[in-house]
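Chain by chain, the residues run as shown.
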Amino acid sequence: LLATSTLAGVFSFYLIKNLIGDNSLDKKEKLFSSFLGGVFYAFSPFLFNDLIGGSITHIITYPFIPLVFLFFEKAIKSNRKNFFIIFVHLPKFVT
């Protein structure tokens, strides 16, 4: 559970940081917003509800959902093939 929460927080931090991009926020506000979003995602009641319910597949795949969206957005923004390859093969590990 500790690894799941940690990975979920880190991956969602990077996703939110990437989604904010070069907005009107300064660097400190951008990092704080990303950190807060990562904390909220890592300690979501959905994760703890699945832990109590015993759904091990949801607990294992929960942290990788932001990673799929992160690589999807990176694949859309840049035309580099390695992001497309990672995006195509990453959902195999999530399901």
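Reading the values: rules and limits
- Residues numbered from 1 in each chain as written.
- Predicted model: local features only at pLDDT ≥ 70, side-chain atom pairs only at ≥ 80, totals over all residues.
- Heavy atoms only, no water.
- Helix = DSSP H or I, 4+ residues; strand = E, 2+ residues; numbered from the N terminus.
- Expected span 1.5 Å × (residues − 1).
- Buried < 20%, exposed > 50% of the residue type's maximum accessible area, 1.4 Å probe, protein only.
- Contact = heavy atoms within 4.5 Å.
- Phe/Tyr/Trp six-rings, centres within 6.5 Å; stacked < 30°, edge-to-face > 60°.
- Core = buried A, V, L, I, M, F, W, Y, C linked by side-chain atoms within 4.5 Å.

Peer 1: An account of helix H1 (residues 2–20) is needed here, citing residue identities and associated values.
Peer 2: Taking 1.5 Å as the rise per residue, H1 with 19 residues should run 27 Å; its terminal C-alpha atoms sit 27 Å apart, in good agreement. Those residues of H1 that sit buried are Thr-4, Ser-5, Ala-8, Gly-9, Phe-11, Ser-12, Phe-13, Leu-15, Asn-18 and Ile-20. Against helix H2 (27–42), helix H3 (45–53), helix H4 (56–61) and helix H5 (65–77) lie the buried residues of H1. Immediately downstream of H1, the backbone of Gly-21 shows phi near 60 degrees, a positive value.

Peer 1: Before we move on, can you summarise the packing of aromatic side chains with the specific residues and values?
Peer 2: Applying the stated criterion across every chain yields a total of 4 aromatic pairs. Between Tyr-41 and Tyr-62, the aromatic rings sit 4.6 Å apart at their centres with planes inclined by 5 degrees, giving stacked as the arrangement. Within this pair, whereas Tyr-41 is found in helix H2, its partner Tyr-62 is found in the loop between H4 and H5, the two being separated by 21 residues in sequence. Tyr-41 gets classed as partly exposed once you look at its relative accessible area, which sits at 22%. Between Phe-46 and Tyr-62, the aromatic rings sit 5.9 Å apart at their centres with planes inclined by 35 degrees, giving tilted as the arrangement. Here Tyr-62 lies in the loop between H4 and H5 and Phe-46 lies in helix H3, a separation of 16 residues in the sequence. Tyr-62 sits in the buried class, given a relative accessible area of 5%. Among the aromatic residues, those joined into a ring-pair cluster are Tyr-41, Phe-46 and Tyr-62.

Peer 1: Which residues make up the nonpolar core, and what values do they have?
Peer 2: Membership of the largest hydrophobic core is limited to 9 residues, which are Phe-11, Leu-15, Leu-67, Val-68, Leu-70, Phe-71, Ala-75, Phe-83 and Leu-90. At the level of secondary structure, the elements contributing two or more residues to this core comprise H1, H5 and helix H6 (81–94). The leading source of residues in this core is H5, at 5 residues. Here Leu-70 is in contact with Tyr-14, Leu-15 and Asn-18, once residues within four sequence places are set aside.

Nothing here speaks to function; it is all geometry.
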